[in-house]
Amino acid sequence: MQEIFNNIKGDRLIWAITALLAIFSFLPVYSAASNLAYVGGTGNTFSFFIKHFMHLFLGFTIMYGVHKIPYRYFRGLSMVMIPVVLVLLVVTMLQGTTIEGANASRWIQIPIVNMSFQTSTLAAVVLMVYVARYMSKIQEKEITFAETILPLWMPVFLILILILPANFSTAAIMFVMVVMLVFLGGYPLRYLAVIIGSGIFALVLFVLVAKAFPDAMPNRIDTWMSRIDSFSNDDNTEADYQIEHAKTAIASGGIQGVGPGKSIQKNFLPQSSSDFIFAIIVEEYGLIGGLLLMILYMWLLFRIVIVAQKSDSLFGKLLVLGVGLPIVFQALINMAVAVELFPVTGQTLPLVSSGGTSIWMTCLAIGIVLSVSAKREEDKNKENLEDNPLEVLSEAI
């Protein structure tokens, strides 16, 4: 174990924040899973605890392995993975399965191990790496819109089109993150306005086609509309069921909360261990617990920006921001949904909610951030050795 700690590189505070979020997640997940255990008929809550532990263990294994890879290799890997991701998304659309009754084909079944995998989360990480690679590649060139359509925007829109029918919120977040990243990379605003307009036009066209041919994508447009309508309408309807119980949980928590494992609303919230786990956290740990959790995510955001700022290359800066910012952005959306500041999206709370794919891809993204940070540490150590010849001699001996 000591050898593993000695081999850990990169920003130590990011490691610490990630570990704190993971350790804290066991209590609310175990508490919220009691509802799933009894609804499922087994009544065994400990199995959910073990399952969550295995997801986190594999996630941290991924993070450790990825952070040891020099980040420059992610340039080439993104080129290789884009076609792979496109194939996986097509397979998911054609053969995807539903999980816990969700009316969307977002998952594919992994053979042999009999586990489900949500391909859109992998696509999000790969796409952000790809965009960071492309923007750093053209940093010295005069950018023209026509030259960027095929190499940059074609893969972006293909991936978003494949994700959109089953997962609007993920596609929307990815589009916003890509726009933000190319803006930071120096993409001209006049061209960016064209892309944003094209994205809005494509969404409107998709909605019109789906409305015209409802059998092609049953219930998806209706689900989006009902969520938006429920958010903007003060009248209580069946669509408000989850959000009303989430607000009840938050109101019940008060300042200090009702105590670990004592949540009442977990018995009424269908997604209490995933989409609405923040409501359960506030109910059990109060406003204090909710604020501390938010501070951890803000601290993570601060460290991500620091790592990006210290990177010695544009690719490193964009890579860190591209894969790191969506983690915090997703966390804020999850919290906003729980307090009805945002329509229901189905986005999990990174590293805290149960669910293997979300945890693994979050750890993959953090591993990439740590890889960039580790390179900075390595360069700094080399500079120190060059400034101290005696240390160089001692290292050689």
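In this text, all values refer to a predicted model and were calculated from it rather than measured experimentally. (Residues numbered from 1 in each chain as written. Predicted model: local features only at pLDDT ≥ 70, side-chain atom pairs only at ≥ 80, totals over all residues. Heavy atoms only, no water.)

Caption draft 1: Geometry of the overall build of the protein. When you go through the protein residue by residue, the secondary structure sums to 14 helices and 2 strands. In the protein, which comprises 397 residues, the share counted as buried stands at 47%. When the accessible surface of the protein is totalled, it reaches about 19,700 Å², and 67% of it is carbon and sulfur. (Helix = DSSP H or I, 4+ residues; strand = E, 2+ residues; numbered from the N terminus. Buried < 20%, exposed > 50% of the residue type's maximum accessible area, 1.4 Å probe, protein only. Areas by Shrake-Rupley, 256 points an atom, 1.4 Å probe, with all protein chains shown as cover.)

Caption draft 2: Layout of the packing of aromatic side chains. If you walk through the whole model with that rule in mind, you get 11 aromatic pairs. On the numbers, 5.8 Å between centres and 85° between planes, the contact of Y30 with F49 is edge-to-face. Placement of the pair is Y30 in helix α2 (residues 12-40) and F49 in helix α3 (residues 46-67), with a sequence separation of 19 residues. Judged by its relative accessible area of 36%, Y30 is partly exposed. With a relative accessible area of 27%, F49 lands in the partly exposed category. Residues F53 and F57 carry aromatic rings whose centres are separated by 6.3 Å and whose planes lie at 25° to one another, so their mutual orientation is stacked. Of the two residues, F53 and F57 both sit in helix α3, 4 residues apart, roughly one turn of that helix. These aromatic residues form a ring-pair network of at least three members: F145, W153, F157, F175, Y187 and Y191. A cation over an aromatic ring shows up here: R72 above the ring of Y73, its NZ or CZ 4.8 Å from the ring centre. In this structure, R190 is placed above the aromatic ring of Y191, and the distance from its NZ or CZ to the ring centre is 4.6 Å. (Phe/Tyr/Trp six-rings, centres within 6.5 Å; stacked < 30°, edge-to-face > 60°. Lys NZ or Arg CZ within 6 Å of the ring centre and 35° of its normal.)

Caption draft 3: Here's a closer look at a nonpolar patch on the surface. Nonpolar side chains collect at one region of the surface, where I255, L287, I288, L291, L292, M294, I295, M298 and L332 lie side by side and expose about 790 Å² of accessible area between them. Tallying contributions element by element places helix α11 (residues 277-310) first for the nonpolar patch, with 7 residues. Along the chain, the position of L292 falls in helix α11. Given a relative accessible area of 53%, L292 falls into the exposed group. (Patch = residues over 30% accessible without salt bridge, like charges linked within 9 Å, V, L, I, M, F, W, Y side chains within 5 Å. Salt bridge = Lys/Arg side-chain N within 4 Å of Asp/Glu carboxyl O.)

Caption draft 4: Representation of the pattern of salt bridges in the model. Enumeration over the complete set of coordinates arrives at 3 salt bridges. A salt bridge links D11 to R303; the nearest nitrogen and oxygen atoms lie 2.6 Å apart. Here D11 is found in the loop between α1 (2-7) and α2, whereas its partner R303 is found in helix α11, with 292 residues between them in sequence. Of the two residues, D11 and R303, both sit in the buried class. A single salt-bridge network, built from bridges that share partners, covers E244, K247 and E340.

Caption draft 5: Quick look at unusual backbone geometry. Although it is not a glycine, E340 sits at a positive phi angle of roughly 60°. Summarising the element assignment, E340 is placed in the loop between α12 (314-338) and α13 (356-387). E340 sits in the partly exposed class, given a relative accessible area of 24%. With a phi close to 70°, L351 is a non-glycine residue in the positive phi region.

Caption draft 6: Representation of the side chain of S358 within the structure. Within the secondary structure, S358 is located in helix α13. There is a polar contact of 2.9 Å between the side chain of S358 and the side chain of T348. Apart from the residues lying within four places of it in its own chain, the contact partners of S358 are Q330 and T348. (Polar contact = N/O pair within 3.5 Å; in protein donor to acceptor, adjacent residues only side chain to side chain. Contact = heavy atoms within 4.5 Å.)

Caption draft 7: Just the packing of helix α6 (residues 145-163) against helix α8 (residues 189-212), in detail. Contact geometry of α6 with α8 gives a least axis separation of 12 Å together with a crossing angle of 35°. α8 is crossed by α6, and the crossing has right-handed handedness. On α8, the residues that touch F145, W153 and F157 of α6 are Y191, L192, V194, I195 and G199. In terms of residue class, the contact of α6 with α8 is made up of 7 nonpolar, 1 polar and no charged. (Axes fitted to C-alpha atoms, helices over the stretch in contact; angles between N-to-C directions. Left-handed = near helix turned anticlockwise from the far one by under 90°. Nonpolar A, V, L, I, M, F, W, Y, C, P; charged D, E, K, R; others polar.)

Caption draft 8: Representation of helix α7 (residues 168-184) within the structure. Relative to the 24 Å expected for 17 residues at 1.5 Å per residue, α7 spans 24 Å between its end C-alpha atoms, a close match to the ideal helical length. Three or more residues of α7 are buried, namely S169, T170, A171, I173, M174, F175, M177, V178, V179, L181 and V182. The inward-facing, buried residues of α7 abut α5 (119-137), α6, α8 and α12. (Expected span 1.5 Å × (residues − 1).)

Caption draft 9: Seen up close, the environment of P83. By secondary structure assignment, the location of P83 is in helix α4 (residues 73-95). By relative accessible area, which is 42% here, P83 ends up partly exposed.

Caption draft 10: Representation of the packing of α4 against α5 in the model. Where α4 contacts α5, the axes come no closer than 8 Å and their chain directions differ by 145°. Of the two elements, α4 crosses α5, and the hand of that crossing is left-handed. Contacts between α4 and α5 pair F74, R75, S78, M79, M81, I82, V85, L88, L89 and T92 from the former with T119, S120, L122, A123, V126, L127, V129, Y130, R133 and S136 from the latter.

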